[in-house]
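# Coordinate analysis (summary)
Take a look at the letters that make up each chain.
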Amino acid sequence: MSWLNAIIQGILTGGFYALFACGLSLLFGVMGIINLAHGDLAVIAGYVAVLLIPETHVPVVWSFVVVVPIFAVGGYILQRTLLQASLDRDPFTTLLVTFGLSVVAENALLEAFSSNGQSLNIGSLIAHSFNPTTSISLSYFSLTVLGVAVVVLGALQLFLSRSGTGRLIRAVADDKEAAQLVGVNYRHIFGIAAAIAFATVALAGIASGMYTEFAPTSGPANLLFAFESVVIGGIGSLWGTLVGGIVLGVAQQIGAQINPAYQVLAGHIVFLAVLAVRPRGLFGLRTSS
Amino acid sequence: MTTGAAPVPPTVEAGSLPGVTRSARPTAWLGGLGVGVVVLLAFMPSIVSQADTSILLNFFILLTMSSMWNLLAGYAGMVSIGQQAFVGLGAYTVLVLADGGFNPVAAIPIAALVCAALSVPISLLVFRLRGGYFAIATWVVADAASLVISSIGSLGGGTGKPVPGLSSLSPKSFEQVTYWAALAVVVVAVGMTYALLRSRLGLVLAAVRDNEVGARSAGARVVTARRIVFLVAALGCGAAGALLAVSQLNVQPASVFNVQWSAEMIFVTMIGGIGTIEGPILGSVVFFLLQQNLAHEGAWYLIIFGALAVVIAIWAPRGLWGTATAKLRVQLFPVGYYVGRTRRRDRPGSAPPAPPAPPVASTV
């Protein structure tokens, strides 16, 4: 029965990973760049919440209402300035610039907040759970996060396929020069995509900050798990990302069931196995090479 | 650093084809200078203090790593953030061999070879992804390697283990032996990079960098070239990791598998000048000057260095060396070719003058 519980906990963890991954996936899909600072953004969101909550008197549970808009605006500004400047060089430069920003952010947080873990305390809300049997426990909070991940992915899918702005984003992703010829300001569209990506990663950072501790050095782990979710699910598929997150979560929980030290390693092994056997991922449409 | 002499260019009939040279200027004297610098560095332990010797040793380790990363990214276009995998595996190979009674210093080349061998199966996996996804995949491999090593109890688990076998040496001779080992590794690493880039492989890499599709259609074995570069970079980073184990006499997974190694390699290369052999050398000097001056400020040197790397990547992508020498066309390590200049001594005295050189000589 503890194995069944491990699988259920893994599925629930998958919600967090999918939430982390959708911004990474979106930016890659639209601009063809990987934001290596993605994981650190989630950590920064946690620290922004820690700093702002005493000032704004917003209940901790609702802190995302404050932080997510800040990140959306910040994402747009960062994209229009530094990221666009690096993108104008080449994708190679963007990769190095985002990695540089990641290291700078991590060390700046270390200087400002020390290496101690922090968390966003939402009190007893985190403890409530639904227990169908004595050995299985479904945390309402994790279920909510999984629900939020499904809603965010669904909304993103709808936004991209139905709305006018979504159509512009897809057009720019396909061919930004051609889009520009018919009057689309692709830099503005890139900015909007970055705003969405930053907003979702802030949401993910806050959700995970409420659930577990975070520290300045948590960024790379966030990035690696998000990336593994994207590749396992298949590059370019939003729903694949959700499945990838769940597969990763289940693999980690099963690994932890064998030996707590194997939790992260089991996820890496499943990722490498997918890379070896099915490099385009479970739902990938395009080949990766 | 040992050979700076320009080779005799292919014989070209004056007036029919532009001459091809390795360098804009004769550079034979640079070879002598390089040998002189290495000889001077070899005597350093007797000249400078123990603290300075130790700084130089760490400088050699960082320079070895950065040269390897420069080869990967600057010449083969592969951004790896997982080179710490080979740093760690190199360090642990030394530990395993030393535990088995092997001399740790003699284990350094073996550790490098083990890392090169391990890079082949790793490349089979990570080469399935390109660009940014390749970068993170190498990072995942490094993290997985770290977790595997940490779970092996006989290697000290997560807390690591001291490296035995050198306790019989006096502090002075230990310092000298490790210093000379590091100097040998860095000379081989830079020399190997130089030789590699002047070989046919260097030509293939240059062709791929300029136009991958064109290079493929001309028959260049692009994937093979990349695989060789990945292997050489693993070799060099493995040697650097082995040096870390020998000089610190202690191996700890969180330290040798730290992504900070990759960060330092990347920043050093970007700041010094990516795509030049001189760049990592200059970048390493800048890094150590900054680190020494900010040693008491905690992580500030990494913040400043990272921010500097970001600024340089966007606004001066040739780095300090590339920007400084763009006009002068000075190369300490000429690896490309200059087309359009006929060397004077190759011109037959009685032949009509060579056609005028194009206004801008292109470097390959």
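As the structure is a computational prediction, the values presented were derived from the model and not from experiment.

Moving on: the overall build of chain B. Within chain B, the secondary structure is distributed over 15 helices and 5 strands. Looking at chain B as a whole, 52% of its 364 residues are labelled buried. The contacts of chain B with a sequence gap of at least 6 include a subset with a gap of at least 24, amounting to 80%.

Looking only at helices and strands, one finds 11 helices and 2 strands in chain A. When the elements of chain A are put in sequence order from the N terminus, they spell out α-α-α-α-β-β-α-α-α-α-α-α-α. Against the 2.2 N^0.38 benchmark of 19 Å for 289 residues, chain A shows a C-alpha radius of gyration of 19 Å, consistent with a compact globule. Counting only C-alpha atoms, chain A reaches 65 × 50 × 35 Å along its principal axes. Counting all 289 residues of chain A, 52% fall into the buried class. Taking the intrachain contacts of chain A between residues at least 6 apart in sequence as the baseline, contacts between residues at least 24 apart amount to 76%. Counting every atom, chain A has about 11,900 Å² of accessible surface; 65% of that belongs to carbon and sulfur.

To continue, consider the side chain of A:Asn35. Residue and element names in this part refer to chain A. Secondary-structure assignment places asparagine 35 in the loop between helix H1 (2-31) and helix H2 (38-56). At a separation of 3.0 Å, a polar atom in the side chain of asparagine 35 contacts the main-chain amide nitrogen of alanine 37. The residues touching asparagine 35, leaving out its near neighbours within four places in the chain, are Leu24, Leu27, Leu41, Thr98, Phe198 and Leu223.

Next up on the list: the confidence of the model for chain B. Parts of the prediction with low pLDDT should not have their coordinates interpreted in detail. Residues and elements named next belong to chain B. Residues at a pLDDT of 70 or more form 86% of chain B, whose mean pLDDT is 86. Mean pLDDT across the elements of chain B bottoms out in strand S5 (residues 362-363) (42) and peaks in helix H4 (residues 84-99) (97). Per-residue pLDDT stays below 50 along residues 1-6; that stretch engages in 22 contacts with residues further than four places along the chain or on separate chains. Below a pLDDT of 50 lies the segment residues 346-364, which in the model reaches 21 contacts outside its immediate sequence neighbourhood of four places, other chains included.

The end-to-end C-alpha distance of helix H10 (residues 222-248) of chain B is 39 Å, a good match for the 39 Å that 27 residues give at a rise of 1.5 Å each. Of the residues flanking the end of H10(B), it is B:Leu249, one or two places downstream, whose phi is positive at about 55 degrees.

All right, on to the packing of aromatic side chains then. Per the counting criterion, the structure on display carries 25 aromatic pairs over all chains. Where B:Phe127 meets B:Phe134, the ring centres are 5.9 Å apart and the plane angle is 65 degrees; that geometry is what we call edge-to-face. Of the residues examined, B:Phe134 reaches a relative accessible area of 4% and is grouped as buried. Clustering of aromatic rings is evident, with ring pairs tying together A:Phe99, B:Phe59, B:Phe60, B:Trp139, B:Tyr179, B:Phe267, B:Phe287, B:Phe288, B:Tyr301 and B:Phe305. Taking NZ or CZ as reference, A:Lys176 lies 5.5 Å from the ring centre of A:Tyr186, over its face.

Turning our eyes to something else, we now look at the layout of surface pockets. Approximately 690 Å³ is the volume attributed to the second largest pocket. If you trace the second largest pocket, you find 28 residues lining it, with A:Pro220, B:Asp143, B:Phe257, B:Asn258 and B:Val259 closest to the centre. Broken down by secondary-structure element, the contributors of at least two residues to the lining of the second largest pocket are helix H4 (91-113), helix H9 (219-233) and helix H11 (263-277) of chain A together with helix H6 (131-150), helix H11 (253-256) and helix H12 (260-272) of chain B. In terms of residue class, the lining of the second largest pocket is made up of 17 nonpolar, 9 polar and 2 charged.

A contiguous nonpolar surface patch, about 480 Å² in accessible area, is contributed by B:Val35, B:Val39, B:Leu40, B:Phe43 and B:Ile47. As for its placement among the helices and strands, B:Leu40 is situated in helix H1 (residues 28-42).

Quick look at the packing of H4(B) against H10(B) now. How two helices sit against one another is set out by the angle between their axes and by the gap between those axes. Residue and element names in this part refer to chain B. Axis separation between H4 and H10 bottoms out at 6 Å; the angle between their running directions is 50 degrees. In terms of orientation, H4 and H10 fall into the oblique class. In terms of crossing hand, the pair formed by H4 and H10 is right-handed. Listed contacts from H10 to Phe86, Val87, Gly90, Ala91 and Val94 of H4 are Phe230, Ala234, Cys237, Gly238, Gly241, Ala242, Leu244, Ala245 and Val246. Counted by class, the contact of H4 with H10 contains 11 nonpolar, 3 polar and no charged residues.

Residue and element names in this part refer to chain B. Scanning all chains against the criterion turns up 6 salt bridges over all chains. Among the salt bridges present, the one from glutamate 212 reaches arginine 216, with a minimum N-O distance of 2.8 Å. Linking glutamate 212 with arginine 216, this pair stays in helix H9 (residues 212-217), spanning 4 residues, or about one helical turn. A salt bridge links glutamate 212 to arginine 226, with the nearest nitrogen and oxygen atoms 3.3 Å apart. Taken together, the residues span a long stretch of sequence, with glutamate 212 in helix H9 and arginine 226 in helix H10 at a distance of 14 residues.

In this section: the interface of chain A and chain B. Many descriptions give the size of an interface as the accessible area lost when the pieces come together. Of the residues lining the interface, 39 residues belong to chain A; the matching set on chain B comes to 41 residues. Summing both partners gives a buried area of about 3,600 Å² for chain A against chain B, and 83% of it is carried by carbon and sulfur. In this assembly, chain A and chain B are joined by 0 salt bridges. Linking chain A with chain B are 6 residue pairs in polar contact (both at pLDDT 80 or more), by the criterion used here. Among the residues making up the side of chain A that touches chain B, the classes are represented as 29 nonpolar, 7 polar and 3 charged.

Residue and element names in this part refer to chain B. Counting through the fold element by element, arginine 198 comes out in helix H7 (residues 171-198). Within the buried core, arginine 198 has no salt-bridge partner, and the shortest N-O distance to an opposite charge, that of glutamate 278, equals 9.7 Å. A distance of 2.7 Å separates the side chain of arginine 198 from the side chain of tyrosine 194, its partner in a polar contact.

Right, let's talk about the environment of A:Ile189 for a bit. All names here are of chain A. Looking at the element boundaries, isoleucine 189 is found in helix H8 (residues 186-211). On the basis of relative accessibility, which here comes to 2%, the residue isoleucine 189 falls in the buried class. Once the C-alpha coordinates of isoleucine 189 and arginine 170 are considered, the two residues, 19 residues apart in sequence, prove to be 9.7 Å apart. Residue contacts for isoleucine 189: discarding those within four places in its chain leaves Leu168, Ile169, Val172 and Val184.

Before going further, it helps to spend a moment on H8(A). Compared with an ideal rise of 1.5 Å per residue, which puts 26 residues at 38 Å, H8(A) spans 37 Å between its outermost C-alpha atoms and is within 8% of the ideal. Buried residues dominate H8(A), accounting for 22 of its 26 residues.

All names here are of chain A. When you line up the elements, arginine 170 lands in helix H6 (residues 164-174). In this structure arginine 170 comes out as partly exposed when scored by relative accessible area, which is 38%. Taking the C-alpha atoms as reference points, arginine 170 and valine 30, separated by 140 residues in sequence, lie 7.1 Å from one another. Not counting residues within four places of it along the chain, the set of residues in contact with arginine 170 comprises Leu160 and Ser161. A distance of 3.4 Å separates the side chain of arginine 170 from the backbone oxygen of serine 161, its partner in a polar contact.

Basis of the calculations
Residues numbered from 1 in each chain as written. Chains lettered and ligands numbered in written order. Predicted model: local features only at pLDDT ≥ 70, side-chain atom pairs only at ≥ 80, totals over all residues. Heavy atoms only, no water. Helix = DSSP H or I, 4+ residues; strand = E, 2+ residues; numbered from the N terminus. Buried < 20%, exposed > 50% of the residue type's maximum accessible area, 1.4 Å probe, protein only. Contact = heavy atoms within 4.5 Å. Rg over C-alpha atoms; globule rule 2.2 N^0.38 Å. Areas by Shrake-Rupley, 256 points an atom, 1.4 Å probe, with all protein chains shown as cover. Polar contact = N/O pair within 3.5 Å; in protein donor to acceptor, adjacent residues only side chain to side chain. pLDDT = per-residue confidence, 0-100. Expected span 1.5 Å × (residues − 1). Phe/Tyr/Trp six-rings, centres within 6.5 Å; stacked < 30°, edge-to-face > 60°. Lys NZ or Arg CZ within 6 Å of the ring centre and 35° of its normal. 1 Å grid on protein atoms, 1.4 Å probe; cavity = no way out; pocket = protein on both sides within 12 Å on 5 of 7 lines; lining within 4 Å. Points joined across faces, edges and corners; volume = space filled by probe spheres on them. Nonpolar A, V, L, I, M, F, W, Y, C, P; charged D, E, K, R; others polar. Patch = residues over 30% accessible without salt bridge, like charges linked within 9 Å, V, L, I, M, F, W, Y side chains within 5 Å. Salt bridge = Lys/Arg side-chain N within 4 Å of Asp/Glu carboxyl O. Axes fitted to C-alpha atoms, helices over the stretch in contact; angles between N-to-C directions. Parallel < 35°, antiparallel > 145°, perpendicular 65-115°, else oblique. Left-handed = near helix turned anticlockwise from the far one by under 90°. Buried area = accessible area lost by both parts, 1.4 Å probe. Lys, Arg positive; Asp, Glu negative; His and termini not counted.

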